[in-house]
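# Analysis of the macromolecular model
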Protein chains: 2
Amino acid sequence: MQPALDPLSTTLSALADPTRRAILARLARGAATVNELAEPFDISLPAVSRHLKVLQAAGLISRGREAQWRPCRLEAGPLKDLDGWLASYRRFWEGSFDKMEAYLATITKGDPDGREN
Amino acid sequence: MQPALDPLSTTLSALADPTRRAILARLARGAATVNELAEPFDISLPAVSRHLKVLQAAGLISRGREAQWRPCRLEAGPLKDLDGWLASYRRFWEGSFDKMEAYLATITKGDPDGREN
DNA sequence: CTTGTATTTAACGTACTTGTTAAATAAAGC
DNA sequence: GCTTTATTTAACAAGTACGTTAAATACAAG
């Protein structure tokens, strides 16, 4: 068993794969089966199955059970948590950003490299 | 040379490591040198240096050069892009969420497992 | 030019990730 | 029961990630 990453790390590594993000994008338009999800990709079904396992372990999808199909659906909880984490950094690209730029400018005194200590 | 991941994947994998996120949190409070950044961690300096390399490659930090110090500073661009990506999913945990819940409830007809097709 | 401080690179080990193919499991339907 | 369809597990290979220690590099200062 792995050392059990913290939830945010688990979410971020799950999202770090473009195939998995594409799967989520598809699920944002509604639930789908494994075969449906695999259709756009040039990888084998087992590979897709494993991506789904990763997404489910991260809580980003949940799965149902209908005959031989295991439909997947998007679960937004971890995305919401990620959004919450990101929020603490939002000030760096919003409003006060100009203020910070100005502040940095005063302490770097026109240094082209922008070093300040 | 690696196949060059797309920028969002690069950002997300850089952020997927808790040590790297802690480094960013520290840098959110102001620029810092490698030794300063390494201080709170129980890992070697080379390990920290490599984390910084990853963060820089992802554009999440920039580095200056002051005598033998290479001060790091936070760069918010990739975080802003991530926020932009996340925005497309925001509807899943805001406002219309209740509506979606209600919708799912109608098609699952009280199934405890929540399957809908 | 030798020493001390800051940081990186090299070399290496271990573990995880991702993909593959072949086989197993699950359920439907004849 | 046997076949078909959907999906997962097993076994394996190649590449990547992350940590270590030892050596190299960069610069400041005697």
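Notes on the structure follow. (Residues numbered from 1 in each chain as written. Chains lettered and ligands numbered in written order. Predicted model: local features only at pLDDT ≥ 70, side-chain atom pairs only at ≥ 80, totals over all residues. Heavy atoms only, no water.)

### What about the interface of chain B and chain A?
The extent of an interface is frequently quoted as the accessible surface area lost upon association of the parts. The following threshold applies: Residue contacts are counted whenever heavy atoms from the two residues lie within 4.5 Å of one another. Each of two parts loses accessible area, computed with a 1.4 Å probe, when they are put together; buried area is these two losses added. Here a salt bridge means any side-chain nitrogen of Lys or Arg lying within 4 Å of a carboxyl oxygen belonging to Asp or Glu. Whenever a nitrogen or oxygen atom comes within 3.5 Å of another N or O atom, the pair is scored as a polar contact, on the condition that within protein one atom can donate a hydrogen and the other can accept it, and that pairs from neighbouring residues in sequence are kept only if both atoms are in side chains. Ten residue types, Ala, Val, Leu, Ile, Met, Phe, Trp, Tyr, Cys and Pro, are classed as nonpolar, four, Asp, Glu, Lys and Arg, as charged, and the remainder, Gly among them, as polar.
With 35 residues of chain B in contact, the opposing surface of chain A contributes 36 residues. Taken together, the two surfaces of chain B and chain A that pack against each other cover about 3500 Å², and 61% of this comes from carbon and sulfur. The interface formed by chain B and chain A includes four salt bridges. Between chain B and chain A we count 12 residue pairs in polar contact (both at pLDDT 80 or more) in total. Counted by class, the side of chain B that touches chain A contains 20 nonpolar, four polar and 11 charged residues.

### Notes on the packing of helix α2 (residues 18-27) of chain A against helix α4 (residues 45-57) of chain A
All names here are of chain A. Test applied: Axes here refer to lines fitted to C-alpha atoms; in helices the fit is confined to the stretch in contact. Angles between the N-to-C directions go from 0 to 180 degrees. What counts as a helix is a DSSP run of H or I of at least four residues, what counts as a strand is a run of E of at least two, and both are numbered from the N terminus. Throughout, the term roughly parallel applies to angles under 35 degrees, roughly antiparallel to angles over 145, roughly perpendicular to angles from 65 to 115, and oblique to all others.
Interhelical geometry of α2 versus α4 gives an angle of 75° and a closest axis separation of 10 Å. On the basis of their axis angle, the class for α2 and α4 is roughly perpendicular. Every residue of α4 that contacts α2 at Thr19, Arg20, Ile23 and Leu24 is listed here: His51, Leu52, Val54 and Leu55. A class-by-class count of the residues in the contact of α2 with α4 yields five nonpolar, two polar and one charged.

### Brief notes about the side chain of Arg21 of chain A
Heads up, the condition is: Only protein chains enter the calculation, and the probe is 1.4 Å; a residue is then buried if its accessible area is under 20% of its type maximum, exposed if over 50%, and partly exposed in between.
Examined against the element boundaries, Arg21 of chain A turns out to sit in helix α2. Classification of Arg21 of chain A as buried rests on a relative accessible area of 8%. A polar side-chain atom of Arg21 of chain A sits 2.9 Å from a polar atom in the side chain of Ser9 of chain B.

### So, the side chain of Thr11 of chain B
Residue and element names in this part refer to chain B. Within the fold, Thr11 resides in helix α1 (residues 7-15). Taking relative accessible area as the criterion, Thr11 reaches 4% and is therefore assigned buried. Not counting residues up to four positions away in its chain, the partners in contact with Thr11 are Ala58, Leu60 and Pro78.

### Structural notes on the protein's contact with DNA strand D
Defined as follows: If even one non-hydrogen atom of a residue comes within 4 Å of a molecule or strand, that residue is called near it.
Close to DNA strand D lie 26 residues; Asn35, Ser49 and Arg63 of chain A together with Ser44 and His51 of chain B are nearest. Of what DNA strand D places within 4 Å of the protein, 70% of the atoms are sugar or phosphate. One nitrogen or oxygen atom from the side chain of Asn35 of chain A is found 2.5 Å from a phosphate oxygen belonging to DNA strand D. A distance of 2.6 Å separates a phosphate oxygen of DNA strand D from a polar side-chain atom of Ser49 of chain A. For the surface near DNA strand D, the leading source of residues is α4 of chain A, giving five residues. Residue composition of the surface near DNA strand D, grouped by class: nine nonpolar, eight polar and nine charged.

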